Amino acid sequence: MSDWPEIALKMGIEPGTHIDRIARLEAALDIRWAEIDRVHVDHPRRLTGPGHLWIHPGAVTDVFFDDLDPDVLIALWNKHARKVLDAVGWHDQGLIHRVFQGGVSLAISAPMDQLYSATFVVKTAWHYCAAALSDTASLPFEDMIHDLKRVMAQEANPALIALIEAASIHGVDILCDDENVSLGHGIGSRTWPADDLPTPAQVGWSDINDVPVALVTGTNGKTTTTRLCAAIATAAEKIAGLTSTDVVQVGGDILDRGDYSGPGGGRMMLRDTRVELGCLEVARGGILRRGLPTRRARVAVVTNIAADHLDEYGITTLAELAEVKFAVARALVSDGVLVLNANDPIAVEEAAKIATPVWWFSHDPAAPLIRQAQGRGTPCSYIKNGVLTFHDGVAETFTIAVADVPVTLQGAARHNVQNVLAAICVCTALGISDHAIRAGLSGFVSDHKDNPGRFNEFQYKGARVFVDFAHNTHSIAAISDALSSIPSNRRFIMLSQPGDHSDQDIADVTHAALQFRPDIIVAAEIEDYLRGRDLGETTSLIKASAIAGNTDPESILSADSAASGAKMILDLLQPGDLALLLVLSDRQAVFDLLMEHLR
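All values derive from a computational prediction rather than experimental measurement. (Residues numbered from 1 in each chain as written. Predicted model: local features only at pLDDT ≥ 70, side-chain atom pairs only at ≥ 80, totals over all residues. Heavy atoms only, no water.)

A. Focus on the overall build of the chain. Helix and strand content of the chain: 19 helices and 25 strands. Since a compact globule built from 599 residues should have a radius of gyration of about 25 Å, the 26 Å found for the chain is in line with a globular shape. Going through the 599 residues of the chain one by one, you find that 56% of them count as buried. Considering only contacts in the chain between residues 6 or more positions apart, those separated by 24 or more positions represent 66%. The average position of the 49 basic charges and that of the 76 acidic charges among the side chains of the chain differ by 3 Å. (Helix = DSSP H or I, 4+ residues; strand = E, 2+ residues; numbered from the N terminus. Rg over C-alpha atoms; globule rule 2.2 N^0.38 Å. Buried < 20%, exposed > 50% of the residue type's maximum accessible area, 1.4 Å probe, protein only. Contact = heavy atoms within 4.5 Å. Lys, Arg positive; Asp, Glu negative; His and termini not counted. Charge placed at Lys NZ, Arg CZ, Asp CG, Glu CD.)

So, in structure tokens, the structure goes:
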């Protein structure tokens with residue numbers, strides 16, 4: 001938002017007219033921070049859907065400080081933001097704040113057609129807060145409001161507001177972005193250019209409807225659970241749309257590759273008129289940056305809560321991370337269902353704060369929340385005597401043996417057992433039959449085709465090789481546990497880490513990897529993920545942590561990339577060996593190495 005010419009162009013403001021006045025507004029907000037250098041303010045970001053703070057669209061900024069009293073800042077925000085909102089005519093819009101360790105998030109709500117303007121409202125309100133904090137003269141209030149109103153006039157889209165109101169009346173979703181606006185989902189959707197919208201009277205409402213949608217979030221297991229649900233929908237002869245950190249996919253067609261776990265990927269998939277059911281992976285980053293892609297999901301699941309990506313956007317604790325993940329409950333329809341892990345203490349604690357109906361899943365049929373659900377007549381799922389079971393609140397209505405679900409590795413992959421239990425609940429809530437659920441689970445294989453990068457097994461020169469994207473302590477510990485019971489002559493592991501992980505994170509991950517009991521460790525550099533560190537710094541930390549864990553230094557090798565590290569291990573493999581390749585980058589190159597051997 002700091003590059004004003006691009007924003008002006010996007011909003012249709014001609015240079016030489018309002019541009020100089022608005023540029024002055026932007027520059028004026030760069031308060032002389034030398035006087036209060038303990039404060040850092042992030043650029044405001046638009047909130048386009050339900051999110052961490054609340055359900056409203058609007059704008060938010062994060063303010064970081066060392067020793068400022070947050071109550072003082074909040075009082076200034078409430079005073080000046082309310083004054084600016086009222087002055088621009090947004091009397092019905094609200095304020096919210098969230099205090100975190102080392103800062104405060106400050107947000108406003110705004111009309112959906114005024115979200116760029118909302119970021120300038122936030123900047124303007126902060127200008128007056130900052131002036132008060134630093135005892136610095138502020139710009140004349142009336143001039144600032146005059147500039148804001150001219151920006152708002154350029155951005156205003158009354159036709160969009162009319163459609164939003166009509167969509168609410170007709171009980172269907174509306175998806176908006178800079179280029180397009182759509183009503184309904186998938187086969188029941190219709191899309192128009194944002195600058196050429198129909199009136200509500202011109203819309204054929206009888207042809208517009210939503211399709212069943214599932215939102216999948218959590219720290220680990222999101223992608224696998226999403227893919228499981230899509231596979232089950234396909235077994236039910238539905239054309240499933242899927243978004244993930246890898247692709248946007250409709251049926252067998254990949255619309256685009258990349259990280260599409262944010263709202264942009266969700267809109268792309270839900271506007272495809274072939275889609276009969278949607279499965280959306282929803283990541284923490286997308287929730288915090290923009291919010292969720294839909295307000296009309298039928299079911300949402302939180303797979304688990306574990307330490308990963310902390311210290312971003314003011315999220316510093318597991319409890320705060322849980323709040324972010326639980327934002328999916330805000331996107332459910334009135335009779336929607338939230339599916340949760342009864343064995344995750346953080347999720348259990350967060351669930352006590354909400355009123356949304358919960359379907360619990362657990363590996364333990366005697367877990368207190370499972371027993372409680374059965375007593376209350378609430379559906380749940382669990383594993384009992386080697387059988388995955390769904391209880392509809394009255395009786396056990398669905399079972400499938402763990403041995404018949406390949407992704408569980410005969411039950412050894414406990415993390416995938418949890419993912420399967422979650423998928424059973426999700427797909428039942430979506431109205432999919434037991435027969436289709438059973439067929440989808442039994443046909444889903446954890447290979448590079450069905451579930452690329454997640455616990456993929458290859459046979460290589462008589463050795464077993466597993467490739468996984470696991471990169472945090474929780475996921476690597478789960479993979480190591482799953483492989484611990486597999487007999488082997490020698491054990492090899494390739495380990496790499498993003499540079500933005502802390503020294504302690506890297507030490508913890510290495511410790512988790514040592515649970516695999518490797519004979520040889522290859523520490524691989526990932527140059528694309530240096531993120532502020534020097535070449536060799538992350539691999540040196542991995543080596544030091546492994547040595548501190550009583551690993552022989554002679555058994556720790558180095559590689560300059562994931563592909564070269566994988567080749568190093570593959571060249572050493574002999575029949576009866578076991579290898580775990582933790583691949584954060586160069587995944588396709590690693591797959592190619594393995595597939596070349598099979599040709």
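B. Quick peek at the nonpolar core. In this structure, Leu73, Trp77, Trp90, Ile108, Trp126, Ile174 and Leu183 are the most contacted members of the largest nonpolar core, which totals 50 residues. Mapped by element, the contributors of at least two residues to this core are strand 3 (58-65), helix 3 (70-87), strand 5 (103-109), helix 4 (115-134), helix 5 (141-155), helix 6 (158-170), strand 6 (174-176) and strand 7 (180-183). Per-element accounting of this core gives the leading share, 11 residues, to helix 4. When near neighbours in sequence (up to four residues on either side) are disregarded, leucine 183 contacts Leu163, Ala167, Asp173, Ile174, Gly188, Ser189, Arg190, Trp192, Val203, Trp205 and Ile208. (Core = buried A, V, L, I, M, F, W, Y, C linked by side-chain atoms within 4.5 Å.)

C. Seen up close, the sheet that holds strand 8 (residues 190-193). Strand order across the open sheet formed by three strands is 6-7-8, with antiparallel pairing between neighbours. In the strand order of this sheet, the two ends are held by strand 6 and strand 8, each with one partner. With strand direction ignored, the average angle separating the axes of adjacent strands in the sheet is 15°. As judged from the four bridges shared by strand 7 and strand 8, these two strands associate in the antiparallel manner. The residue bridging valine 181 from the neighbouring strand is tryptophan 192, located in strand 8. Contacting strand 6 and strand 7, helix 6 crosses the sheet at an angle of about 155° to strand 6. (Pairing = 2+ DSSP bridges. Axes fitted to C-alpha atoms, helices over the stretch in contact; angles between N-to-C directions.)

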